[in-house]
Amino acid sequence: MRPLTRAVTIAAAALACAGCSLHNAQNALDASGPQSARIAGLWWLMLPIAAVVWVIVIAVMLWGAGRKRSVREVMETRGGTEVVANDEARSRRMTRIVAAGAIVTAVILFLMLIADFRVGQALTMAPSTKVVPIKVVGHQFWWEVQYPDSVPNKTVITANEIHIPIGTPVVMELSSPDVIHSFWVPSLTGKKDLLPGYTRSLWFRADTAGVYRGQCAEFCGLEHAKMGVLVIAQKQQDFDAWRAAQLDSATTPSDSLAQHGKAVFLGTTCVMCHAISGTSAGATTGPNLTHLASRSTIAAGTLQNTDANLYAWISDPQRIKPGVLMPATKLDPRDMQALVAYLRHLK
Amino acid sequence: MTAPPLVIGETVPVDVGAEREQMERVWGSKRGLWGWITTTNHKEIGKRYITTAFIFFLLGGIEAAMMRAQLSRPENSLIGPDKYNQIFTMHGTTMMFLFAVPIMEALGLYFVPLMVGTRNVAFPRLNAFGYWLFLIGGSFLYVQFFLNTGPDVGWFAYVPLSGPAFGPGKRADTWAQTITFTEIVAIVGAIELIVTVFKQRAVGMSLNRIPIFVWAMLVTAFMIMFAMPAVATASMYLALDRLVGTHFFNPAEGGDVLLWQHMFWFFGHPEVYIIFLPATGLVSTMLPAFTRRPVFGYPAMVLALISVAFMAFGLWVHHMFATGIPQLAASFFTATSTMIAIPTGVQIFCWLATIWSGRPRFATPMLFIMGFIFLFVIGGVTGVMIASVPFDLQVHDTFFIVAHFHYVLVGGAVFPLFGAFYYWFPKVTGRMLSERIGKWNFWLFFIGMNMTFFPMHWLGFYGMPRRVYTYLASTGWGPLNLLSSIGALVIASSVITFLVNVVVSLRGGAVAGDNPWDADTLEWATTSPPPPYNFLHLPVVQGRSALWDEGDERQVTVGTSTERREVLLTTPLDAQPDSRESHPHDSVWPLAMALAIGVLFITAIFTPLALPIGGALALIAFAGWAWPTSQDVESEKSDEKISLEGA
Amino acid sequence: MTKRERVTVDVTELPTIVFGSRGLLWWGTWGFAVAEGMTLFLSIATYFYLRRNFQTYPPLGYPQPDWFAPTIGMAIFLATCIPAYMLKKSAVRLDKDAATRWLVILSVCALVLCGVRTIDFYALRVLWMTSAYGSIQWVLLGFHGSLLVIEAAEVIGTAVLFIKGPVLPRHFPDACDIGNYWYFLVLSWLPIWFIVYIGPRIW
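All of these numbers come straight from a predicted model, not from anything done at the bench.

Participant: When you look at the overall build of chain B in this model, what are you seeing that I'm missing?
Facilitator: When its secondary structure is counted, chain B shows 19 helices and four strands. With the C-alpha coordinates aligned to their principal axes, the bounding extent of chain B is approximately 85 × 60 × 50 Å. Considering only contacts in chain B between residues 6 or more positions apart, those separated by 24 or more positions represent 80%. Both charge centroids of chain B, one from 36 positive and one from 41 negative side chains, sit 7 Å from each other.

Participant: Got a minute to help me understand the interface of chain B and chain C in this structure?
Facilitator: A common way to express how large an interface is: the accessible area buried when the components associate. Between chain B and chain C, the contact holds 82 residues from the first and 60 residues from the second. Here chain B meets chain C over a buried area of about 6500 Å², counting both sides, of which 65% is carbon and sulfur. In this structure, the connection of chain B to chain C is made through five salt bridges. Linking chain B to chain C there are 36 residue pairs in polar contact (both at pLDDT 80 or more). With eight residues, the single largest contributor to the side of chain B that touches chain C is helix H7 (residues 212–243) of chain B. Each residue belonging to the side of chain B that touches chain C can be placed in one class, and the counts come to 42 nonpolar, 21 polar and 19 charged. Where strand E4 (residues 642–643) of chain B lies against strand E2 (residues 17–18) of chain C, two bridges are found, and the strand directions are parallel. Looking at the pairing, Ser643(B) lines up with Val18(C) of E2(C).

Participant: Just to check I follow, could you spell out the interface of chain B and chain A for this structure?
Facilitator: Between chain B and chain A, the contact holds 93 residues from the first and 95 residues from the second. Summing the contributions of chain B and of chain A, the shared interface buries around 8100 Å²; its carbon and sulfur component is 72%. Considering only the side of chain B, the residues that lose the most area to chain A are Trp356(B), Gln394(B) and Tyr462(B), jointly responsible for 10% of the buried surface there. One salt bridge connects Glu218(A) with Arg467(B), and the closest N-O pair in it is separated by 3.8 Å. Counting across the interface, chain B meets chain A through 24 residue pairs in polar contact (both at pLDDT 80 or more).

Participant: What's the story with a nonpolar patch on the surface in this structure? I'm lost.
Facilitator: Residues and elements named next belong to chain C. On the surface, a nonpolar cluster with roughly 700 Å² of combined accessible area is contributed by Trp67, Phe68, Ile72, Ile76, Val104, Val108, Val112 and Ile163. Those elements giving two or more residues to the nonpolar patch turn out to be helix H2 (68–79) and helix H4 (96–124). For Phe68, the position within the fold is in helix H2.

Participant: Please clarify how the sheet that holds strand E10 (residues 200–204) of chain A should be interpreted in this entry.
Facilitator: Across a sheet, paired strands are connected by hydrogen bonds in the backbone, their directions being either parallel or antiparallel. All names here are of chain A. Taking strand neighbours across the sheet as the criterion, the five strands line up as E5-E4-E3-E7-E10 in an open arrangement whose pairing is mixed. A single partner strand is all that each edge strand has here, and the edge strands are strand E5 (156–159) and E10. Recorded for the sheet is a direction-independent mean angle of 25 degrees between the axes of neighbouring strands. This element, helix H4 (residues 236–247), spans strand E3 (132–139), strand E4 (142–147) and E5 of the sheet and lies at about 95 degrees to E5.

Participant: Would you mind showing me how to read helix H5 (residues 256–267) of chain A here?
Facilitator: Residues lying three or four places apart along an α-helix face the same way, a consequence of the helix completing one turn every 3.6 residues. All names here are of chain A. With 12 residues, H5 should cover 16 Å at 1.5 Å per step; its first-to-last C-alpha distance of 16 Å lies within 8% of that length. Restricting attention to buried positions, one finds in H5 the residues Ala258, Gly261, Lys262, Val264 and Phe265. Down the axis of H5, the sector holding all buried residues measures 160 degrees, keeping them to one side. Residues of H5 that are exposed and point more than 90 degrees away from the buried face comprise Ser256 and Gly267. Contacts made by the buried residues of H5 are with helix H8 (333–345).

Participant: Sorry if this is basic, but what is going on with the nonpolar core here?
Facilitator: Ranked by size, the top nonpolar core spans 365 residues in total, and within it Ile162(A), Phe183(A), Phe391(B) and Trp182(C) carry the most contacts. Here this core spans two domains, and each of domain 1 (26–124) and domain 2 (132–246) of chain A adds at least three residues to it. Not counting the four nearest positions on each side in its chain, Trp182(C) is found in contact with Phe77(C), Thr80(C), Ala84(C), Leu106(C), Ala110(C), Leu113(C), Leu148(C), Glu151(C) and Val155(C).

Participant: Explanation requested: the packing of helix H2 (residues 34–66) of chain A against helix H3 (residues 88–124) of chain A in the structure shown.
Facilitator: To characterise two packed helices, one gives the angle between the axes of the helices and the distance between these axes. Residue and element names in this part refer to chain A. Running from N to C, H2 and H3 cross one another at 175 degrees; their axes reach a closest spacing of 10 Å. Here H2 lies roughly antiparallel to H3, going by the angle between them. The residues of H3 that touch H2, namely those facing Gln35, Arg38, Ile39, Leu42, Leu45, Met46, Ile49 and Val53, are Ile108, Met112, Ala115, Asp116, Val119, Ala122 and Leu123. Its residues assigned to classes, the contact of H2 with H3 comprises 12 nonpolar, one polar and two charged.

Participant: For this particular structure, what's the right way to read the pattern of salt bridges?
Facilitator: Close approach of charged atoms lets side chains of opposite charge pair. With the rule as written, the count across this model stands at 25 salt bridges over all chains. Glu553(B) is paired through a salt bridge with Arg4(C); the nearest N and O atoms lie 3.0 Å apart. Of this pair, Glu553(B) sits in strand E1 (residues 553–558) while Arg4(C) is found in strand E1 (residues 4–10), placing the two residues in two different chains. When the shortest N-O distance is used, the salt bridge between Asp120(C) and Arg117(C) registers 3.2 Å. Of this pair, Asp120(C) and Arg117(C) both sit in helix H4, three residues apart, which is roughly one turn of that helix. Of the two residues, Asp120(C) and Arg117(C), neither departs from the other in class, the shared state being buried. If you follow the salt bridges from partner to partner, you end up with Glu218(A), Asp397(B), Arg466(B) and Arg467(B) in one network.

Participant: I would appreciate a short explanation of the packing of aromatic side chains in the present structure.
Facilitator: Given two aromatic rings, one states the distance between the centres and the angle between the planes to describe the pair. Residue and element names in this part refer to chain B. One pass over the structure, following the stated rule, counts 101 aromatic pairs over all chains. Ring centres 5.7 Å apart and planes at 10 degrees place the aromatic pair Phe97 and Phe267 in the stacked group. Here Phe267 lies in helix H8 (residues 257–291) and Phe97 lies in helix H4 (residues 81–116), a separation of 170 residues in the sequence. Look at Phe97 and you get buried, because its relative accessible area is 4%. Seen from their ring centres, Phe415 and Phe442 are 6.1 Å apart, and the 80 degrees between their planes marks the pair as edge-to-face. Taken together, the positions of Phe415 in helix H14 (residues 399–429) and Phe442 in helix H15 (residues 435–461) put the pair 27 residues apart, joining distant regions of the chain. The burial state of Phe415 is the same as that of Phe442; both residues are buried. Seen from the ring of Trp36, Arg48 lies directly overhead, with NZ or CZ sitting 4.0 Å from the centre.

Calculation rules
- Residues numbered from 1 in each chain as written.
- Chains lettered and ligands numbered in written order.
- Predicted model: local features only at pLDDT ≥ 70, side-chain atom pairs only at ≥ 80, totals over all residues.
- Heavy atoms only, no water.
- Helix = DSSP H or I, 4+ residues; strand = E, 2+ residues; numbered from the N terminus.
- Contact = heavy atoms within 4.5 Å.
- Lys, Arg positive; Asp, Glu negative; His and termini not counted.
- Charge placed at Lys NZ, Arg CZ, Asp CG, Glu CD.
- Buried area = accessible area lost by both parts, 1.4 Å probe.
- Salt bridge = Lys/Arg side-chain N within 4 Å of Asp/Glu carboxyl O.
- Polar contact = N/O pair within 3.5 Å; in protein donor to acceptor, adjacent residues only side chain to side chain.
- Nonpolar A, V, L, I, M, F, W, Y, C, P; charged D, E, K, R; others polar.
- Pairing = 2+ DSSP bridges.
- Patch = residues over 30% accessible without salt bridge, like charges linked within 9 Å, V, L, I, M, F, W, Y side chains within 5 Å.
- Areas by Shrake-Rupley, 256 points an atom, 1.4 Å probe, with all protein chains shown as cover.
- Axes fitted to C-alpha atoms, helices over the stretch in contact; angles between N-to-C directions.
- Expected span 1.5 Å × (residues − 1).
- Buried < 20%, exposed > 50% of the residue type's maximum accessible area, 1.4 Å probe, protein only.
- Arc of directions from axis to C-beta.
- Core = buried A, V, L, I, M, F, W, Y, C linked by side-chain atoms within 4.5 Å.
- Domains from an automatic or database assignment.
- Parallel < 35°, antiparallel > 145°, perpendicular 65-115°, else oblique.
- Phe/Tyr/Trp six-rings, centres within 6.5 Å; stacked < 30°, edge-to-face > 60°.
- Lys NZ or Arg CZ within 6 Å of the ring centre and 35° of its normal.

Geometry only, nothing functional implied.
Put into structure tokens, the structure is as follows:
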């Protein structure tokens, strides 16, 4: 029986691990909004039911297998071999028990269905109050983020980091021009696919300020693993301030290194994919870099946004994200430093 | 040198040596390589089918081990994304299409004729063809993989990632053609099983006396007939999109990416039950031998099988909740997905009742059966959970799902399968597997299984998606992944233990005898291994537990030819004797046909010329297959009795 | 170890050649027909699924398929049920000469129908690579067409066997099953003909 004990210990350890729960920003059970909280609640309702069902089944099996045999299990010889004699009364009793088991199963399932439908209802009901609309477009392997506004030039375009105000529902419009992606920030809500040819919407709300991480949940190619996204939930006034700042065009740097960097940026292949408003760079294949320095990460939530990481990333993105669509840029170290300085200036 | 024919009421004399020799001549295959290639004996083919599928299981297992090695720590650089994506695609494709479905069908093709008391499957040449095609298709996939053109789009091959715009090269084509191969193989096997079960049962084995494994295979075969065409059609659309520029999945031209998902899961969900139902059949058929009583609730078991089969076609959309299905539809699929737990629950309760009221013997197969219940119920309860739309939206495409379906498929199908290996190995080889090594095999597997897959539930909650080749250290997923990877090592050691057991026991295992487990189904009524003709005299069945209900004497049939291959056909419901039908000789043409079709499918990836070339080859093979040889003319000129009744 | 056996059933007098559902091949034939029918059914389902992606049908800018020639073809197809029926009849009579005759006639029919199928493709008036509409129209025709070609090969092969080869008693039930499968081919063509050529005028 020792191996069994070991298995139980391991299972218990895993359970305990869940109890203490890794407190990180990407955890479906560490809910920070009503959506994820309700789903986590559903889990904490279903888990004990499931556990009880499982324990009963296993207990019956082990007890039934190991219990002492009484005189009731009379053996008889049939077809030249020893078998348990048929006991009609007992079969009838067992039939009743099995039928009862089936009925209890059905009742439990029915109750779980009701709980599930109630949660489903609550989650799909569209918010009636003021909402923040956000357009999210999935690309191989990054997220394009737009905050549409009725005034066209007040539309904010950014990438990979989504700022939202706390307490206000966010309604996302999800689409993809290439392959299927899936938007998922577990601490806030369940996932929704971004399908080519379709537009899907997803709404959720964050109640606690914080940075929540998520990543693409539908296999989308080589760098599916490194297609991260951050949701930065902040107080309304912080959000408003951020949004206002994002509307500004990029400023021209004052120090000469960064000025040179700007020239490097505009003079190399960077401009074929990226846009920086206020400059002649206007391509939309890659992430918009107008306020790159205001983001905390680069390469879709993969690296911290530091000078060294930017340098490494631009020099050889394939080393960090093999298969990413951004090619390596060969520049001499001085130009590269200048370029990094310019990009770090884009607050 | 034939003895005078036996007549009704007579006891079969002890000395039947001459008759056996005669039957051996008629039913046996030629010795040597030629005999090996041309044989149409269901046991020979079943054996190599099982072996081949098991080799694919080992390959899929090695792929799994490689993935676990890569994921054992964050930002590991052991395997890059390109290789990793190929490996997980190969793992899924191998385990589903080249291992799980084929090995269940293979067990059916080996044991169903024995269990229903006949001499061969219904269409022996077609059966041989099915095996060869399976071998060619599987080998093709692996050759492509070793040439670094293995598919890298997942075993589900979602478009548009697998489509012409995003899946360059021949990788996705390789996947699509492998599916075409395995789909034809599966349908061929299904037809074999259906016809064998309906038409070739022993006299007296009416429908309500069929062993539950045979019921399970029959139900599964019907599921295959309706499910496999869906994936075949879908993979045909995909191949056409990629090769000749159709637009089935191109939204810009009126195509639809969700069409693929509907078609794929309309097959994909029944697929799970195509794997699981035979496994439940294995359990129900082994259990009587180890509890010394017939399985409890035979009618309930059969009804459960049938209702699961029907329901399985009504819940595919639960794989697609995240695509944004309308709520009403989603609720319907939630309800059906939940309901399927009821018949499955009934099966489990019946097994518990059987164990409870029997006298259990804890031989290795019994351990695997109990391990199966232990693990499968875990996978079952998480299955009920993910039927819930909101809950599924959190855990869908995460490691929680990986954990869930490995509990269902490894716990629910591989455990019964290993039990079955221990149980039927003596029938197939004549020797017992070692019980001592068997216990090691079981406990290592059981512990490794839980170590590997239990932590994955939590990884799913912590946000770890499936199909990622690596993860950042900051996610905190490292320790649980390491635990899981160590568990994979334990599983690997268990499988090695099994291989050792096979090698050791083949040489020096205890000699089994006809019926080492004192079991009740017909395959134990013949020698181990069975002769090419299975039964010298076809048995007559008296009850549900054929060997326990027959009394001190076995009732048998006489009158099928000993001069040529002939099987007894019975009526589909009551199994009353109806006719004797001649069976074909061994032939090399099934192999030729498989090669022709292989050429057709494989070259179709590269050139449209495949159609005329492959077609012409297939035509030649078809002619060779069907044209009567002098041997046919010889054996069939003898007094045919023609009946026009029912024409 | 081996149990004593007592003979209780003697099957010596049972027939060795039977027709219809009493024989194995009948079941195998219908087995394949069911799997193929399922494929056709799913292709038709695909047709209606893709239909939702277009405002009008055929989509804007595509002509209606030509219905006249395919309808004639359909009538020919229906008419071939007669030789199929006669083939079955003569096979059941074990009449080798008649069966041979009807096999030859059915072979000719099969070849004619293969020719008609090429006209059917022209009548679509759309190519498979222009839009999903064209793709599914072609696949519906193509899939049924490949079944037709394979069956044509079988019919012709059997005809050759009946003319030249050693005809064994078991070939008569086989010929019967060819007739059965032919019915399946004709029957499955009807819905396809309707949704491919008539459907776009209705929905």
